[in-house]
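Geometric and topological summary
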Amino acid sequence: MLEVRSNLSLEELANANYESKKAYKVSSIILIIIGIIGFVLSITMMLYNDSSIWTTLLGISTFFIIFCSLMLLLMRPKSFKKRLIKENPALKDGVEYTFTFNEDSFLVNEKITTAESNNNIKYEMLKKVVISTNFIYLYINRLRAFPIKRTAFNEKDLEEFKKLLGNKII
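Below is a short write-up of the structure. (Residues numbered from 1 in each chain as written. Predicted model: local features only at pLDDT ≥ 70, side-chain atom pairs only at ≥ 80, totals over all residues. Heavy atoms only, no water.)

**Focus: helix α5 (residues 155–166)**
- For α5, with twelve residues, the first-to-last C-alpha span of 16 Å sits near the 16 Å given by 1.5 Å per residue.
- Among the residues making up α5, those that are buried are D157, L158, F161, L164 and L165. Looking straight down α5, one finds that the buried residues subtend no more than 125° of arc, so they occupy a single side. Opposite the packed face of α5, turned more than 90 degrees from it, sit the exposed residues E155, K156 and K163.
- The opening residue of α5, the one whose side-chain oxygen lies 3.2 Å from the backbone nitrogen of K156, is N154. (Helix = DSSP H or I, 4+ residues; strand = E, 2+ residues; numbered from the N terminus. Expected span 1.5 Å × (residues − 1). Buried < 20%, exposed > 50% of the residue type's maximum accessible area, 1.4 Å probe, protein only. Arc of directions from axis to C-beta. Polar contact = N/O pair within 3.5 Å; in protein donor to acceptor, adjacent residues only side chain to side chain.)

**Quick notes on a nonpolar patch on the surface**
- On the surface, F39, I43, L47, Y48, I60, F63, F64, F67 and M71 cluster together to form a nonpolar patch covering roughly 980 Å² of accessible area.
- By the element assignment, I43 lies in helix α2 (residues 23–47). (Patch = residues over 30% accessible without salt bridge, like charges linked within 9 Å, V, L, I, M, F, W, Y side chains within 5 Å. Areas by Shrake-Rupley, 256 points an atom, 1.4 Å probe, with all protein chains shown as cover. Salt bridge = Lys/Arg side-chain N within 4 Å of Asp/Glu carboxyl O.)

**A closer look at the sheet that holds strand β2 (residues 95–101)**
- Pairing within the open sheet is antiparallel, and its four strands lie in the order β1-β2-β3-β4. Only two strands of the sheet have a single neighbouring strand rather than two, namely β1 (2–8) and β4 (115–122). Across this sheet, the average inter-strand angle for adjacent strands is 15°, counted without regard to direction.
- As paired strands, β2 and strand β3 (residues 105–112) are joined by six bridges and run antiparallel to one another. Following the sheet pairing, F99 is matched in β3 by V108. (Pairing = 2+ DSSP bridges. Axes fitted to C-alpha atoms, helices over the stretch in contact; angles between N-to-C directions.)

**Digging into the nonpolar core**
- One finds F99, F101, F106, L138 and F161 to be the most contacted residues of the largest nonpolar core, which totals 34 residues.
- Looking at this core, the elements with two or more residues in it are β1, α1 (10–20), β2, β3, β6 (135–139), β7 (145–149) and α5.
- If one sorts the elements of this core by residue count, β6 sits on top with five residues.
- The contacts of L138, once residues within four sequence positions are left out, are F99, F101, F106, L126, K128, V129, R144, A145, F146, I148, F161 and L165. (Core = buried A, V, L, I, M, F, W, Y, C linked by side-chain atoms within 4.5 Å. Contact = heavy atoms within 4.5 Å.)

Next comes the structure, spelled out in structure tokens:
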């Protein structure tokens, strides 16, 4: 059994959310390139007097693809912080996580100023585990992850944690 406490301030929580969403940057860059190609194609078609409704729709849709992709690409931790406070004002004081890792499952105790929750999660339910430079993310679905600060582990506990998860999902 391994127990880890990870206290996250609002700033750290926003950074953890931002870091876990960095994968969207590659997709948004690809969408921007596709959007630019489509936009240039629609302008070229309009210049050669092909002003059909399909050409107009192509131009409008590629403009929106570029706009939405730029918004996703330009999202920063500060915007995550604002969004987190808007969704749950109690997060302004941060979150305290206590993880208890057992052989077949782990318990997550999540405390914020107005509430506390306990989740018992079997390792088989984890979709993936991502170990970055600052955080370890335990994804329970594509969009929801429990962040653990890497500094919450000492080297021995981190190796034990990796060994424990190694047989289960990694």
